Amino acid sequence: MSTLVDTLVSSATVAEREAGFAARVAETQRRVFQIAYSVLANAADAEDVAQDAFLRAYRKYERLRDPGKFRAWVSRIAFRLALNRRRGRHRQLARDTAWHTERTSPVADGARAATDRIFLSQLRDEIDRLPEKLRAALLLSAVEGMEAREVGTVRSRLHLARKRLLEVMQP
């Protein structure tokens, strides 16, 4: 009989906790979204971050000592997640465009055009020397215009292909 009472009390406690959490989410969801949007300037990303912030808050809600500080706590979580996403986007953009940067110094137009043709020829040769898996990932990204997240499981191959090309093509 004692176990049944304990189970009922435990179930009631869980229900109260979930009801309290749901009420706090309803009170703060607009603010959390606004915080994420102010950092990311993208509604879809802000929604993802807000959702992730509430999910993380739910998982750790039992550890919150003062439920009255929920708003500040979840706001901090959302702000940090948004910053991390923005940093990640900047790092990915830097990785994805690093091999596009210009490696030659400015010279006369004719000499520059010749240098560019030589560079492109060398680049094509080096791409052809890459292992098939790396070359395919690189071509999907560069030639077909697909982003790394669209390429999916070959994201690491794309990174490795670009890294090898950068190493080989360094002046």
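Report on the accompanying structure. (Residues numbered from 1 in each chain as written. Predicted model: local features only at pLDDT ≥ 70, side-chain atom pairs only at ≥ 80, totals over all residues. Heavy atoms only, no water.)

### Focus on the overall build of the chain
Step number 1: Scanning the chain from N- to C-terminus turns up seven helices and zero strands.
Step number 2: For the chain, the share of sequence-separated contacts (at least 6 apart) that also reach a separation of at least 24 residues comes to 63%.
Step number 3: Only carbon and sulfur atoms are counted for the fraction: they give 53% of the accessible area of the chain, which is about 12000 Å². (Helix = DSSP H or I, 4+ residues; strand = E, 2+ residues; numbered from the N terminus. Contact = heavy atoms within 4.5 Å. Areas by Shrake-Rupley, 256 points an atom, 1.4 Å probe, with all protein chains shown as cover.)

### Let's talk about the nonpolar core
Step number 1: Judged by nonpolar contacts, the single largest core of 22 residues is most densely connected at Val32, Ala57, Phe70 and Trp73.
Step number 2: When residues of this core are traced back to their parent elements, those giving at least two are helix H1 (2-40), helix H2 (43-60) and helix H3 (70-97).
Step number 3: The greatest single-element share of this core, amounting to eight residues, is contributed by H3.
Step number 4: Residues in contact with Val32, not counting those within four places in the same chain, are Ala50, Ala53, Phe54, Val74 and Ala78. (Core = buried A, V, L, I, M, F, W, Y, C linked by side-chain atoms within 4.5 Å. Buried < 20%, exposed > 50% of the residue type's maximum accessible area, 1.4 Å probe, protein only.)

### So, a positive patch on the surface
Step number 1: A contiguous patch of positive charge on the surface is contributed by Arg86, Arg87, Arg91, Arg95 and Arg155.
Step number 2: Among the elements that take part in the positive patch, H3 stands out by supplying four residues, more than any other.
Step number 3: By secondary structure assignment, the location of Arg91 is in helix H3.
Step number 4: Under the relative-accessibility criterion, Arg91 is labelled partly exposed at 48%. (Patch = residues over 30% accessible without salt bridge, like charges linked within 9 Å, V, L, I, M, F, W, Y side chains within 5 Å. Salt bridge = Lys/Arg side-chain N within 4 Å of Asp/Glu carboxyl O. Lys, Arg positive; Asp, Glu negative; His and termini not counted. Charge placed at Lys NZ, Arg CZ, Asp CG, Glu CD.)

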